[in-house]
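Residue-level structural notes
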Amino acid sequence: MTAHNFIVVTFAESSKAYEALSDIRQAAQANRIVVPAAIIAEREPDGHLHLAEGEDARIGDGAFSGGLIGMVVGILGGPLGMLLGWGAGALAGGFVDVERVNRAETAIGEFSSRLPAGTTAIFAEAREYAPEVLDGLVAPLDGVVVRRPAEEVLAELEAAQEAARAAHREATRVMREERRQERRENWDERIARLKERFHRKG
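Computed from a predicted model, the values in this text were never measured in an experiment. (Residues numbered from 1 in each chain as written. Predicted model: local features only at pLDDT ≥ 70, side-chain atom pairs only at ≥ 80, totals over all residues. Heavy atoms only, no water.)

1. Some remarks on the pattern of salt bridges
The criterion, for reference: By salt bridge we mean one thing: a side-chain nitrogen of Lys or Arg within 4 Å of a carboxyl oxygen of Asp or Glu. We count a stretch as a helix when DSSP gives it H or I for four or more residues in a row; a strand needs E for two or more, and each element gets its number in order from the N terminus. The cut-offs for exposure are 20% and 50% of the maximum accessible area for each residue type, with area from a 1.4 Å probe on protein chains only; residues under the lower value are buried, those over the upper are exposed, and the others partly exposed.
A complete count under the given rule lists 8 salt bridges for this structure. Of the charged contacts, one joins Arg148 and Glu110 as a salt bridge, the two residues approaching to 2.8 Å between their closest N and O atoms. Highlighted residues: Arg148 in strand 6 (residues 144–149) and Glu110 in helix 5 (residues 107–113), separated in sequence by 38 residues. Summarising the burial analysis for this pair, Arg148 and Glu110 share the class buried. As a salt-bridge pair, Glu177 and Arg180 come within 2.8 Å of each other at their nearest N and O atoms. With Glu177 and Arg180 both in helix 7 (residues 150–201) and 3 residues apart, this pair spans about one turn of that helix. When its relative accessible area of 32% is taken as the criterion, Glu177 is described as partly exposed. Given the relative accessible area of 37%, Arg180 is considered partly exposed.

Taken by themselves, the reported measurements are silent on function.
What follows is the structure, given as structure tokens:
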């Protein structure tokens with residue numbers, strides 16, 4: 001029985017990530033692990049998450065824009081991730097408040113906590129017969145593995161999307177209320193000016 005997992009393997013040196021991905025590719029060809037998609041990403045000093053280019057930096061094709069990997073990378077490097085405390089800015093405070101600690105306990109929060117600036121990582125969607133296969137491949141290269149069930153990651157992405165919708169609805173409501181308040185204030189100001197003019201004429 002295989003386990004369908006979403007996996008992030010982090011490395012302090014980018015060259016080791018490429019070496020590990022080559023080893024993973026060979027293990028997949030030998031049917032020791034099934035890897036529909038994997039890609040190397042680097043967290044730049046400014047926090048931006050950059051996907052590496054080239055055939056040696058990925059396994060699979062076309063799974064990065066609309067697939068699970070693309071969505072996770074997008075949320076870790078994009079504005080939604082920032083909004084929910086999962087983006088580059090999530091680590092700035094060292095998870096000092098309770099909410100951020102709770103976020104770190106989520107799958108995506110944990111992925112983010114393992115990706116400080118200057119880190120290189122392999123993002124992979126895999127079906128594993130035994131976790132020892134992948135662990136054994138990356139351990140000699142000082143790779144640190146974080147794996148979560150793919151279903152759990154997908155559920156978090158769905159929840160994040162709903163949270164973003166709710167945040168947008170609330171922001172829209174606040175803006176409308178502010179505009180209404182502004183119109184009321186403008187109305188009162190216009191009435192006051194008119195009264196003042198009539199008073200002067202009188």
